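Residue-level listing of the chains:
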Amino acid sequence: MEAADPVVAQLRAAGCVYAEDEARLLRGAADGEALRALVVRRVAGEPLEVLLGWAEVAGVRVRTAPGVFVPRRRSGLLVRLALEALAATPAPVVVDLCCGTGALGVAVAHHRPDADVHACDLDPAAVACAQRNLPRDRVHRGDLLDALPTDLRGRVDALVVNTPYVPSPALATMPPEAREHEPRLALDGGPDGLDLHRRVAEGAPPWLAPGGVLVLETSESQAEGSAGLLAAAGLRTELHRDEELDAVAVLARRT
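Now for a quick tour of the structure. All values derive from a computational prediction rather than experimental measurement.

Along its length, the protein chain carries 10 helices and 9 strands. Taken over the C-alpha trace, the protein chain has a radius of gyration of 19 Å; the compact-globule value for 255 residues is 18 Å, and the two agree within 12%. Judged by the C-alpha coordinates and their principal axes, the protein chain covers about 60 × 40 × 30 Å. Relative to its 255 residues, the protein chain shows a buried fraction of 52%. Contacts in the protein chain between residues far apart in sequence, at least 24 positions, make up 59% of those at least 6 positions apart. Here the protein chain has roughly 11700 Å² of accessible surface; of this, 52% comes from carbon and sulfur atoms. Each charge class in the protein chain can be summarised by its mean position, and for the 27 positive and 36 negative side chains these summaries are 3 Å apart.

Structure representation (structure tokens):
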């Protein structure tokens, strides 16, 4: 794409690092006045994935919605770890906890169509979006594991978890497209970022099937703390890093 392209120029002037790629994607979504309107919204800071109406995780596209957490590419590590752990488990039960759009559940279901995938979130906007990506009766609204049907207790083969883990003081340093366009509920992990990790560690073990796994996204600086919480809950933990995705996760197994 030529540097003189006016869409690229506008995006680059607004600080979009991948202006050429974004211009190509926006042109694929609209043209004429509709394209110009999307460019104006992108320049104003709206997330690209919301403007396109989709995001991609682990090679799978999922629908997005305004005001709902945008799935990050790095969360593909959670999907990979869950799929590896489930390789020998027929018809596994999988839960996407704090699901947002339901992207992680969708990606697992895409690669394991035999899986019984559930998703849950506290935010009604997230639940509505996830119900567009997954069967409606498999998306539940509520506070963490309390949202799940009780008959799943002790039967979950993989609990895939991307709770908020940004420390409250660090929210002000996040990019504007996250800080201004995603709900605080989906970002704020409390004073040290681990408030939700503590609650998941306390509540998750009884929901896991024997040999079941919990796969939890975290950050490099919080990894040892996240793993320690899950180990203290009686789970056997492993830390995993993916440099290409810039991702860190804890895999914790019920033994």
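To continue, consider the pairing of strand β4 (residues 116-121). Most of β4 sits out of view: 5 of its 6 residues are buried. The pairing of strand β3 (residues 93-97) with β4 spans 5 bridges and is parallel. If you follow leucine 97 over to β4, its bridge partner there is cysteine 120. The β-α-β motif built from β3, the intervening helix α6 (residues 103-111) and the parallel element β4 has right-handed crossover chirality.

Below, the discussion takes up the sheet that holds strand β9 (residues 247-253). One open sheet holds the 7 strands; their spatial order is β5-β4-β3-β6-β7-β9-β8, and the pairing between them is mixed. Across the chains shown, the open sheet's two edge strands, defined by having one partner strand only, are β5 (139-141) and β8 (236-242). Ignoring strand direction, the axes of neighbouring strands in this sheet form an average angle of 20 degrees. Pairing between strand β7 (residues 208-218) and β9: 6 bridges, direction antiparallel. What sits directly across from valine 215, in β9, is leucine 251. Of the strands in this sheet, β3, β6 (156-161) and β7 are in contact with helix α9 (residues 195-203), which crosses β7 at around 175 degrees.

With that out of the way, let us pick up the environment of threonine 150. Mapped onto the elements of the fold, threonine 150 is located in the loop between β5 and β6. As for threonine 150 and leucine 51, which are separated by 99 residues in sequence, their C-alpha atoms are 37 Å apart.

All right, on to the layout of surface pockets then. Each pocket or cavity is described by its volume, and for the second largest pocket that value is around 180 Å³. Taken together, Arg74, Tyr165, Thr218, Ser219, Glu220, Arg241, Asp242, Glu243, Asp246, Ala247 and Val248 form the lining of the second largest pocket. Looking at the lining of the second largest pocket, the elements that each hand over two or more residues are β8 and β9. Here the residues of the lining of the second largest pocket are counted per class, giving 3 nonpolar, 2 polar and 6 charged.

Among all positions in helix α10 (residues 223-232), only Ala223, Ser226, Ala227 and Leu230 are buried. Projected down its long axis, α10 shows its buried positions confined to an angular sector of 95 degrees, all on one face. Looking at α10, the residues exposed on the side facing more than 90 degrees away from the buried face are Glu224 and Ala232. Tucked into the core, α10 has its buried residues touching α9, β7, β8 and β9. At the C-terminal side of α10, glycine 234 shows a positive phi close to 95 degrees.

This next bit is on the nonpolar core. Formed by 33 residues in total, the largest nonpolar core has its most connected members in Val79, Val94 and Val215. Broken down by element, this core gets its largest block of residues, 6 residues, from helix α5 (residues 76-85). Once residues within four sequence positions are removed from consideration, valine 79 is found in contact with Val57, Ala58, Leu104, Ala107 and Val108. Within the second largest apolar cluster, 25 residues are counted, among which are Leu145, Ala227, Leu230 and Leu235.

Another point: the pairing of strand β2 (residues 60-63). The alternating pattern of β2 places Val60 and Val62 on a buried face, while none of Arg61 and Arg63, on the opposite face, is buried. Taken together, the 4 bridges between strand β1 (residues 54-57) and β2 define a ladder with antiparallel strand orientation. Bridge pairing in β2 places valine 57 opposite valine 60. Between the end of β1 and the start of β2, which pair antiparallel, lie 2 residues, with alanine 58 showing a positive phi angle near 55 degrees.

Cut-offs used in this document
- Residues numbered from 1 in each chain as written.
- Predicted model: local features only at pLDDT ≥ 70, side-chain atom pairs only at ≥ 80, totals over all residues.
- Heavy atoms only, no water.
- Helix = DSSP H or I, 4+ residues; strand = E, 2+ residues; numbered from the N terminus.
- Rg over C-alpha atoms; globule rule 2.2 N^0.38 Å.
- Buried < 20%, exposed > 50% of the residue type's maximum accessible area, 1.4 Å probe, protein only.
- Contact = heavy atoms within 4.5 Å.
- Areas by Shrake-Rupley, 256 points an atom, 1.4 Å probe, with all protein chains shown as cover.
- Lys, Arg positive; Asp, Glu negative; His and termini not counted.
- Charge placed at Lys NZ, Arg CZ, Asp CG, Glu CD.
- Pairing = 2+ DSSP bridges.
- Right-handed = clockwise from strand over helix to strand, strands pointing away.
- Axes fitted to C-alpha atoms, helices over the stretch in contact; angles between N-to-C directions.
- 1 Å grid on protein atoms, 1.4 Å probe; cavity = no way out; pocket = protein on both sides within 12 Å on 5 of 7 lines; lining within 4 Å.
- Points joined across faces, edges and corners; volume = space filled by probe spheres on them.
- Nonpolar A, V, L, I, M, F, W, Y, C, P; charged D, E, K, R; others polar.
- Arc of directions from axis to C-beta.
- Core = buried A, V, L, I, M, F, W, Y, C linked by side-chain atoms within 4.5 Å.

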